[in-house]
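Observations on the three-dimensional arrangement
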Amino acid sequence: MVLIADDRTEFALFALTYTRPLRERWQLLERHPMKLLAGHQFSVGLRSAKHPFGFIESCVGSVCNKYFSKGSGVPLEVSAD
């Protein structure tokens, strides 16, 4: 989810995850100046052997970050790849 600041000077990418027993957990992943919003792209990847809980990939221009979790209820972190 991407949210824009009240003063419209920046935007942020948040992830909503759930922990047992279905408790919401919001995590701020990135903040950027508003001028980068038009070039921002993100996608949600399916789980795989490398990322068993799936992942979120966020790209601003040619710079991309992949966020993943190591387990249920564990905060997302940036992948080294």
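Because the structure is a prediction, the values reported are computed rather than measured. Here, residues in each chain are numbered from 1, in the same order as that chain's written sequence. Given that this is a predicted model, residues contribute local features only at a pLDDT of at least 70 and side-chain atom pairs are listed and counted only at 80 or more, while totals for whole chains, interfaces and linings are drawn from all residues. The side-chain values count all of the structure's non-hydrogen atoms but skip hydrogen atoms and water molecules.

**Some points on the state of the cysteines**
The disulfide criterion is simple: two cysteine sulfur atoms within 2.5 Å. What the rule picks out here adds up to 1 disulfide. A sulfur-sulfur separation of 2.1 Å characterises the disulfide bridge that pairs cysteine 59 with cysteine 64. Disulfide cysteine 59-cysteine 64: the torsion about the S-S bond is 110°, which places it as right-handed. In this scheme, a residue with accessible area under 20% of its type's maximum is buried, one over 50% is exposed, and one in between is partly exposed, where area comes from a 1.4 Å probe on protein chains only. Judged by relative accessible area, cysteine 64 falls into the partly exposed class, the value being 38%.

**Some details on the sheet that holds strand S2 (residues 10–19)**
Two strands form a pair only when DSSP identifies at least two bridges running between them. The way it works is that DSSP assigns letters per residue, a run of H or I at least four long becomes a helix, a run of E at least two long becomes a strand, and they are numbered from the N terminus. Read across the open sheet, the 3 strands follow the order S1-S2-S3; overall the sheet is antiparallel. Edge positions in the sheet fall to strand S1 (2–4) and strand S3 (23–33), since each has one partner strand and no second. Going across the sheet, the axis of each strand differs from the next one's by a mean of 30°, ignoring polarity. Looking at chain direction, S1 and S2 are connected through 3 bridges and run antiparallel. What sits directly across from isoleucine 4, in S2, is phenylalanine 11. Where helices are involved, their axes are fitted lines through C-alpha atoms of the stretch in contact, as for all axes, and angles between N-to-C directions lie from 0 to 180°.

**Structural notes on the side chain of glutamine 27**
Positionally, glutamine 27 belongs in strand S3. Only 3.1 Å separates the side chain of glutamine 27 from the side chain of arginine 25, close enough to count as a polar contact. When checking whether two residues touch, look at their non-hydrogen atoms; a contact exists if any pair is within 4.5 Å. Not counting residues up to four positions away in its chain, the partners in contact with glutamine 27 are Leu13, Phe14, Ala15, Pro75 and Leu76. Here a polar contact is recorded for every N or O atom pair within 3.5 Å, except that within protein the pair must consist of a potential hydrogen donor and a potential acceptor, and residues adjacent in sequence are included only if both atoms are side-chain atoms.

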